[in-house]
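As a plain string of letters, each chain reads:
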Amino acid sequence: MTDTKMNGAESLVHTLLASGVEVCFTNPGTSEMHFVAALDHIPGMRSILVLQEGVATGAADGYYRMAGKPASTLLHLGPGLANGLSNLHNAKKGGSGVVNIVGEHASSHIALDAPLTSDIEGIARPVSHWLRTSPSATAVGADAAEAVQAAMVPPGQIATLILPSDTAWDESGIAQAALETPAPSAFDNSMLAQAAEALDGPESLLLLGGAALTQSNLEMAGRIAARTGCKLLSEWSNARLERGAGRVAIGRIPYPIDIALDTLKPYKRIVLIGARAPIGFFAYPGKPTILTREGAGVLTLADAGADLTGALFALTDATGATQTPPAHVAKPDLPERPTGPINLNSLAAIIARAIPEDAIIVDESVTTGRAFAPTTKGAAKHTWLNNCGGSIGYCLPAAVGAAVACPDRKVMALTGDGSAMYTVQALWSMARENLDILILIFANRSYQILRGELSNVGVRNPGPRAIDMLSLDRPVLDWVQMAGSMGVEACRVNDCEALETAIETGLLTPSPYLIQIDL
Ligand SMILES: Cc1ncc(C[n+]2csc(CCOP(=O)(O)OP(=O)(O)O)c2C)c(N)n1
């Protein structure tokens, strides 16, 4: 598609739009000014300003999981990209597609080693499946189309396009049409008969991940479980899991190493669809890192980039389960209304009772959330997003992206106070964009999980200096003030009744609302 005369920046915006990219999470600088100008006068792209690049990349992750197509980020040179790396890492592990546009000095300026000059490709490479520096304005459109296509390779990839500022301002831009959307790879049909045979009785496990966790795919898994007697589990972190009453419920492999080992001990045969063979999050002295029992047979029918629906369909057929009613369908089941001081169980019960139909839960609750999964099993239908890369600070940005992708759905961001502080600037973008997000901050004033990890790695009787490194109470963080200063309405609660009322208010408020829950 050739167009009238345009500069490289304009060809970029036209090409992104033609390729279906409609949102840009941005924090630009001087080298990106031509893109800012192009975004200003070419209609169609929703540009969302964020105040830290980790918010841009985390938002792009949340957006992809819910929209099923990539957003772009616009980042300022190497340092801007570097600020966004942590959530790009999470997006990469979660199989999210992201198109990063990173500005670079004009080619003639790089040799001068100006203050902001850096090895941008070097910074981008570890988190990028696809990486290119455009050589000229003429190439920008074609490169952008390729970047979007790369980001769409299933389950989703990180594409980073670096644009020297002369490629933005030179008037030889050519807008390009969308390239073909990549299809998932075929599942391993040669394993099908073996997989069907392996799933036989309670010593066999069907382990699911990624796009295997949609409502209809879970239903097929439920049929297979009912027919063969196999057990179902998902990975610990799921990019997107459909849950709630009426859907096939699936447990997650637990995070704590001993419980994970116990959970997986019964299984002699494991079939993987969209999941990796289970390994520990960390190594611990004297403990195994492979979580499956010794000698367990692990068989991969489909990896994360494969046609997981096709694999489940074929496996349903091969096990003779097509007509079998699914097992493990969650019944509507809400816990009793708790009262009094908040503890982790009463908190889970209140959340389960409050989840509105079709809500999106973005979960970075860390230790506070251990009771959430079982307690919310019979809640209203909802979608659950986990941090897939373990780099904390994902929840608030991902909530921004999910809310932008699904303006008709309530987003609930459940986050530890420690995690939320990494990307707290996301609150400002939530307010500015008037996003429908209820934020629950679990204010235990500590890095609670690391206190447990201290003993898990063998440290006995940690002293005050060790405990001090894991404490957030000096000074105490005031979330109501922080939220207020960024334009987000907020309140603070410390008992069940007040929390219930606050959640009711938050759910009725169509803009961001934050509740500090003192634990
Ligand atoms: C980028 C990054 N830095 C540090 C860590 C190590 N880390 C894991 S959990 C955690 C603390 C989480 O605190 P919070 O969100 O308050 O949850 P809690 O442990 O109190 O339940 C830290 C610092 C990490 N995972 N990622």
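Residues numbered from 1 in each chain as written. Predicted model: local features only at pLDDT ≥ 70, side-chain atom pairs only at ≥ 80, totals over all residues. Heavy atoms only, no water.

1. Remarks on the overall build of the protein chain
Part 1 of the reasoning: A count of helices and strands for the protein chain gives 22 helices and 18 strands.
Part 2 of the reasoning: Taken over the C-alpha trace, the protein chain has a radius of gyration of 24 Å; the compact-globule value for 519 residues is 24 Å, and the two agree within 12%.
Part 3 of the reasoning: If one aligns the C-alpha atoms of the protein chain with their principal axes, the spans along those axes are about 65 × 60 × 45 Å.
Part 4 of the reasoning: Buried residues in the protein chain amount to 55% of all 519 residues. (Helix = DSSP H or I, 4+ residues; strand = E, 2+ residues; numbered from the N terminus. Rg over C-alpha atoms; globule rule 2.2 N^0.38 Å. Buried < 20%, exposed > 50% of the residue type's maximum accessible area, 1.4 Å probe, protein only.)

2. Quick notes on the packing of aromatic side chains
Part 1 of the reasoning: For the structure shown, the criterion picks out five aromatic pairs.
Part 2 of the reasoning: Aromatic side chains tyrosine 255 and phenylalanine 281 sit 4.9 Å apart centroid to centroid with 65° between the ring planes, which places their arrangement in the edge-to-face category. In this pair, tyrosine 255 is assigned in the loop between strand E10 (251-252) and helix H12 (257-264) and phenylalanine 281 in the loop between strand E11 (269-273) and strand E12 (297-302), connecting sequence segments 26 residues apart.
Part 3 of the reasoning: A relative accessible area of 12% places tyrosine 255 in the buried class.
Part 4 of the reasoning: Feature note: the residues Trp236, Tyr255, Phe281 and Phe282 constitute an aromatic cluster, connected by ring pairs.
Part 5 of the reasoning: Across from the ring centre of tryptophan 384, 5.1 Å away, lies the NZ or CZ of arginine 243, which sits over that ring.
Part 6 of the reasoning: Positioned above the aromatic ring of tryptophan 236, the side-chain terminus of arginine 252 is 3.9 Å from the ring centre. (Phe/Tyr/Trp six-rings, centres within 6.5 Å; stacked < 30°, edge-to-face > 60°. Lys NZ or Arg CZ within 6 Å of the ring centre and 35° of its normal.)

3. A few points about the sheet that holds strand E7 (residues 204-208)
The strands that make up a sheet are held in pairs by hydrogen bonds between backbone atoms, and each pair lies either parallel or antiparallel.
Part 1 of the reasoning: Here five strands make up an open sheet; going across it, the order is E10-E8-E7-E11-E12 and the pairing parallel. Strands with a single pairing partner mark the edges of an open sheet, and in this sheet they are E10 and E12.
Part 2 of the reasoning: For strand E8 (residues 231-234) and E10, the ladder comprises two bridges, and the chain directions are parallel. Paired with leucine 233 across the strands is glycine 251, a residue of E10.
Part 3 of the reasoning: Of the strands in this sheet, E7 and E8 touch helix H11 (residues 215-228), which is tilted by about 180° from E7. (Pairing = 2+ DSSP bridges. Contact = heavy atoms within 4.5 Å. Axes fitted to C-alpha atoms, helices over the stretch in contact; angles between N-to-C directions.)

4. Some details on the confidence of the model for the protein chain
Part 1 of the reasoning: Averaged over every residue, the pLDDT of the protein chain is 96; the share at 70 or more is 99%.
Part 2 of the reasoning: The lowest-confidence element of the protein chain is helix H19 (residues 448-456), averaging 86 in pLDDT; the highest-confidence one is helix H16 (residues 395-405), averaging 99. (pLDDT = per-residue confidence, 0-100.)

5. Concerning the pairing of strand E5 (residues 130-133)
Part 1 of the reasoning: Direction of pairing for E5 relative to strand E6 (residues 158-164): parallel, over a ladder of four bridges. Following the sheet pairing, tryptophan 130 is matched in E6 by alanine 159.
Part 2 of the reasoning: Read from E5 through helix H8 (residues 137-151) to E6, the crossover connection turns out right-handed. (Right-handed = clockwise from strand over helix to strand, strands pointing away.)

6. Let's talk about the packing of helix H1 (residues 8-18) against H8
Part 1 of the reasoning: Taken N-terminus to C-terminus, the directions of H1 and H8 make an angle of 25°; their axes are 8 Å apart at the nearest point. With respect to H8, the element H1 is oriented roughly parallel. H1 and H8 meet at a crossing whose hand is right-handed. From H1, Gly8, Ser11, Leu12, Thr15 and Leu16 reach across to H8, where they touch Ala137, Val140, Gly141, Ala144, Ala145 and Val148.
Part 2 of the reasoning: Of the residues that constitute the contact of H1 with H8, the class distribution is seven nonpolar, four polar and no charged. (Parallel < 35°, antiparallel > 145°, perpendicular 65-115°, else oblique. Left-handed = near helix turned anticlockwise from the far one by under 90°. Nonpolar A, V, L, I, M, F, W, Y, C, P; charged D, E, K, R; others polar.)

7. Describing the site of the ligand
Part 1 of the reasoning: Close to the ligand lie 18 residues; Thr367, Gly418, Ser419, Ser446 and Ile449 are nearest.
Part 2 of the reasoning: The backbone of isoleucine 392 places a nitrogen or oxygen atom 3.2 Å from a nitrogen atom of the ligand.
Part 3 of the reasoning: Relative to its unbound accessible area of 580 Å², the ligand is 79% covered by the protein chains.
Part 4 of the reasoning: Elements supplying a minimum of two residues to the shell around the ligand: helix H17 (417-422) and H19.
Part 5 of the reasoning: Across the shell around the ligand, the residue classes break down as six nonpolar, eleven polar and one charged. (Near = heavy atom within 4 Å. Polar contact = N/O pair within 3.5 Å; in protein donor to acceptor, adjacent residues only side chain to side chain. Areas by Shrake-Rupley, 256 points an atom, 1.4 Å probe, with all protein chains shown as cover.)

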